[in-house]
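So you can see what is in the structure, the chains are spelled out below.
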Amino acid sequence: MSVERGAGSGSLRETAAFIAQRLESFSPKIGIVLGSGLGGLASAVQDGVSLPYGEIPGFPQANVDGHQGVFTAGRLDGVPVLMQGGRFHLYEGHAPATVVLPIRICAALGIETVIITNAAGGIRFGFEPPLLMLIADHVNLTWQNPLVGPVAPGDERFPDMSSPYDATLRAMARKAALEAKIVLEEGVYAGVMGPHYETPAEIRMLERLGADAVGMSTVPEVIAARARGVRVLGISAITNRAAGISQSKLSHQEVLDAGRKVSADLEALIRGVLRQKPL
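Nothing here was measured: the structure is a model prediction, and the numbers come from that model.

A. Local environment of the overall build of the chain. Within the chain, the regular secondary structure consists of seven helices and nine strands. The burial tally for the chain puts 55% of its 279 residues in the buried class. Considering only contacts within the chain whose residues lie at least 6 apart along the sequence, 81% involve residues at least 24 apart. With the model as given, the accessible surface of the chain reaches about 12,000 Å², and the carbon-plus-sulfur share is 51%.

B. Looking closely at the confidence of the model for the chain. Confidence in the prediction of the chain, expressed as mean pLDDT, is 88, and 88% of residues score 70 or more. A low-confidence stretch, residues 1-10 stays under pLDDT 50, and its non-local contacts, those more than four residues away or across chains, total 23 contacts.

C. A look at the nonpolar core. In this structure, Ile19, Phe59, Phe71 and Ile105 are the most contacted members of the largest nonpolar core, which totals 42 residues. Where this core is concerned, the elements lending two or more residues are helix H1 (12-23), strand S3 (70-76), helix H3 (101-108), strand S5 (113-122), strand S6 (131-141), helix H6 (219-227) and strand S9 (231-241). The leading source of residues in this core is H6, at six residues. Those residues in contact with Ile19, other than ones at most four positions away along the chain, are Leu51, Ile56, Phe71, Ile105 and Leu109. Core analysis: the next-biggest nonpolar cluster, separate from the first, contains 30 residues, Leu38, Val45, Met83 and Ala173 among them.

D. Examining unusual backbone geometry more closely. Residue Pro130 follows Pro129 across a cis peptide bond; omega there is -5 degrees. Its location among the elements puts Pro130 in the loop between S5 and S6. For the bond from Gly194 to Pro195, the omega torsion is 5 degrees, close enough to zero to count as cis. Relative to the helices and strands, Pro195 is located in the loop between strand S7 (184-192) and helix H5 (200-208).

E. Quick peek at H3. Burial within H3 is extensive, with six of its eight residues counted as buried. Every buried residue of H3 is accounted for by Leu101, Pro102, Ile103, Arg104, Ile105 and Cys106. Looking one or two residues past H3, Gly110 carries a phi angle of roughly 95 degrees, positive in sign.

F. Local environment of the pattern of salt bridges. Scanning the entire structure with this criterion turns up 13 salt bridges. Across the pair Asp77 and Arg275 runs a salt bridge, and its minimum N-O distance is 3.4 Å. Remark: Arg275 occurs in the segment after helix H7 (252-274) and Asp77 occurs in the loop between S3 and strand S4 (79-85); sequence separation between them is 198 residues. Under the relative-accessibility criterion, Asp77 is labelled partly exposed at 27%. Accessibility expressed as a relative area gives 51% for Arg275, which makes it exposed. With its nearest N and O atoms 3.3 Å apart, the salt bridge here joins Glu185 to Arg124. Here Glu185, found in strand S7, pairs with Arg124, found in the loop between S5 and S6; they are 61 residues apart in sequence, far enough to count as distant.

G. The packing of H1 against H3, seen in detail. Two elements in contact, H1 and H3, have axes separated by 9 Å at closest approach and are oriented at 65 degrees. The handedness of the crossing between H1 and H3 comes out as right-handed. Between H1, through Leu12, Thr15, Ala16 and Ile19, and H3, the contact on the second element is made entirely by Leu101, Arg104, Ile105 and Ala108. Class assignment of the residues belonging to the contact of H1 with H3 gives a composition of six nonpolar, one polar and one charged.

H. Representation of the environment of Arg87 within the structure. Along the chain, Arg87 turns up in the loop between S4 and helix H2 (96-99). Here Thr117 takes part through its backbone oxygen, which lies 3.0 Å from a polar atom of the side chain of Arg87. Here Ser217 takes part through its side chain, which lies 3.4 Å from a polar atom of the side chain of Arg87.

I. Geometry of the pairing of S3. Most of S3 sits out of view: six of its seven residues are buried. Of the strand pairs in this sheet, strand S2 (residues 46-52) and S3 are connected by five bridges, and their pairing is antiparallel. Within S3, the position partnered with Gln46 by the bridge is Arg75. Pairing between S3 and S4: seven bridges, direction antiparallel. In the strand pairing of S4, Gly74 is matched with Val81. Where S3 folds back on S4, the antiparallel hairpin that results is connected by two residues, among which Asp77 adopts a positive phi of roughly 55 degrees.

Conventions used here
- Residues numbered from 1 in each chain as written.
- Predicted model: local features only at pLDDT ≥ 70, side-chain atom pairs only at ≥ 80, totals over all residues.
- Heavy atoms only, no water.
- Helix = DSSP H or I, 4+ residues; strand = E, 2+ residues; numbered from the N terminus.
- Buried < 20%, exposed > 50% of the residue type's maximum accessible area, 1.4 Å probe, protein only.
- Contact = heavy atoms within 4.5 Å.
- Areas by Shrake-Rupley, 256 points an atom, 1.4 Å probe, with all protein chains shown as cover.
- pLDDT = per-residue confidence, 0-100.
- Core = buried A, V, L, I, M, F, W, Y, C linked by side-chain atoms within 4.5 Å.
- Salt bridge = Lys/Arg side-chain N within 4 Å of Asp/Glu carboxyl O.
- Axes fitted to C-alpha atoms, helices over the stretch in contact; angles between N-to-C directions.
- Left-handed = near helix turned anticlockwise from the far one by under 90°.
- Nonpolar A, V, L, I, M, F, W, Y, C, P; charged D, E, K, R; others polar.
- Polar contact = N/O pair within 3.5 Å; in protein donor to acceptor, adjacent residues only side chain to side chain.
- Pairing = 2+ DSSP bridges.

Right under this line is the structure:
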């Protein structure tokens, strides 16, 4: 049987087996990807087990500020979860297969639902950062796709992307936001390559394409998840106004600071979804 290769010399199968061994009898049911400045949620996990990326075969390091580079397994509101604290980005020079390696690991571990978060710039008029936006759909402007090439074991060749973000999970998120009195917008996320922030002309183009927010992650991960039949709930932390909408100079530090400010609402929202048992 062919073995899908991950980053470095490890295979997906070997990496998943290593993580499963470290988790012993613990079986996570929900995967959670923590975006820039949103890693504080990992500290809320009960009976947590930490797996630094440097100890995992086939994993590169997470090198972007605000990305810790560690898996945390444990229970959050009684639900067994595996949190990915730090992701790999196309703009770092990683191949698409490396970017989506953690998602494929989740699928290999039997996880059927993932919650993917990110930090994003707000495009829609009226967005007042920091706030949370439920992702209803996306536009892939990275010009990359993790499914290109031979079909990876476990992938579907032509996955349906008519509903990439699960409608039932989004309804749970809206209910959780209402109960917690959290302002939750909903819109379309545009995924771009980066690593530079967009020009005002590019933001005007994205607005005309129907995007409400823009960021440099998430889209490849969602494509890979759907190719493996994994349900996705996507949440953007709108940390700043996009170029041309705000007169302020954009910076990664602003993104991290705003992410921390909205992290309490994000934690409450995710906990509210988990309490509804989205398994």
